[in-house]
Amino acid sequence: MLSVSKEDFLKAVYKLEEESHAPVLLSAVARHLQLSKAAVGSMRKKLEGEGLLSYSRGRGIRLSANGRKLALQVLRRHRIWETFLVEVLGFPWEDVHAEAERLEHYSSEALIARMDAYLLHPRFDPHGHPIPDKEGRMPESGALLHLAKAQREKTYEVARVNDLDERLVQYLGEIGLSPGKKLEVLEQFDFDESVQVRTEKGVYLLSSKVVNEIRICETT
């Protein structure tokens, strides 16, 4: 069984690789995990020695097939825990990320399988992130757009939000921008990349920082 720090490292590399579709730089991992570059470099060497990733200077990190498999197992545990905490235990969606971060490392595959079955095999967690199945296969998410790429005067559905910042998640819930909710893009401001939207709760001007954490999809 991998240590907590190794599991966190593999999960971080997977998520960063998923976002960028390119090898992951050590500096990006350091920022994501809030660690020093020296600590990240040391962990990279350990995991490379265990055959879980490869690294080349200037090109970054790539997970091996086994490293990717392990990262997806951690991700699956995390996202099933988030879903269980919200749907079964009634946790607010802004509170579950930190809880799941702890629980994901100490849950057997048997427990996760029971939870998955109890939840009727959810495909997405409360923040809209896909949940891999026990074989590591991701459900089809469809075509997602960055909110910054939306068209003016068009209605979309919120599909996914970044769950790393609890304050951001809470704010988005308060203004009606949780997954499954509708929004209309009213105006886009090039000078600061902010976006004005209308939700079921009102009209809001979103800063570029908030906009970058939201993914949307076409309404059906």
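Data block above holds the structure.
None of the values given here were measured: they were computed from a predicted structure.

(A) Summary view of the pattern of salt bridges. For the structure on display, the rule yields 18 salt bridges. R152 serves as the salt-bridge partner of E153, at 3.9 Å between the closest nitrogen and oxygen. You can call E153 exposed: its relative accessible area is 60%. The class of R152 is partly exposed, set by a relative accessible area of 44%. Ionic contacts of the salt-bridge type, sharing partners, join the residues E7, R77 and E109 into one network.

(B) Expanded view of the sheet that holds strand 8 (residues 214-218). Taking strand neighbours across the sheet as the criterion, the six strands line up as 3-8-4-5-6-7 in an open arrangement whose pairing is antiparallel. The open sheet has two edge strands, strand 3 (145-146) and strand 7 (202-206), and neither has a second partner. In terms of strand pairing, strand 6 (residues 194-199) meets strand 7 through five bridges, oriented antiparallel. Considered in strand 7, the bridge of V195 is made with L206.

(C) Main features of the nonpolar core. Judged by nonpolar contacts, the single largest core of 21 residues is most densely connected at L147, L172, L177, L183, L206 and I214. For this core, the secondary-structure elements that each account for two or more residues are strand 4 (154-161), helix 7 (166-174), strand 5 (182-189), strand 6, strand 7, helix 8 (208-211) and strand 8. Counting residues in each nonpolar core, the second largest holds 20 residues, with Y14, A30, V40 and M43 among its members.

(D) Structural view of a nonpolar patch on the surface. A surface patch of nonpolar side chains, amounting to about 310 Å² of accessible area, comprises V88, L89 and Y118. Structurally, L89 is set in the loop between helix 4 (65-87) and helix 5 (96-103). Overall, L89 belongs to the partly exposed group, its relative accessible area being 49%.

What counts, and at which threshold
- Residues numbered from 1 in each chain as written.
- Predicted model: local features only at pLDDT ≥ 70, side-chain atom pairs only at ≥ 80, totals over all residues.
- Heavy atoms only, no water.
- Salt bridge = Lys/Arg side-chain N within 4 Å of Asp/Glu carboxyl O.
- Buried < 20%, exposed > 50% of the residue type's maximum accessible area, 1.4 Å probe, protein only.
- Pairing = 2+ DSSP bridges.
- Helix = DSSP H or I, 4+ residues; strand = E, 2+ residues; numbered from the N terminus.
- Core = buried A, V, L, I, M, F, W, Y, C linked by side-chain atoms within 4.5 Å.
- Patch = residues over 30% accessible without salt bridge, like charges linked within 9 Å, V, L, I, M, F, W, Y side chains within 5 Å.
- Areas by Shrake-Rupley, 256 points an atom, 1.4 Å probe, with all protein chains shown as cover.

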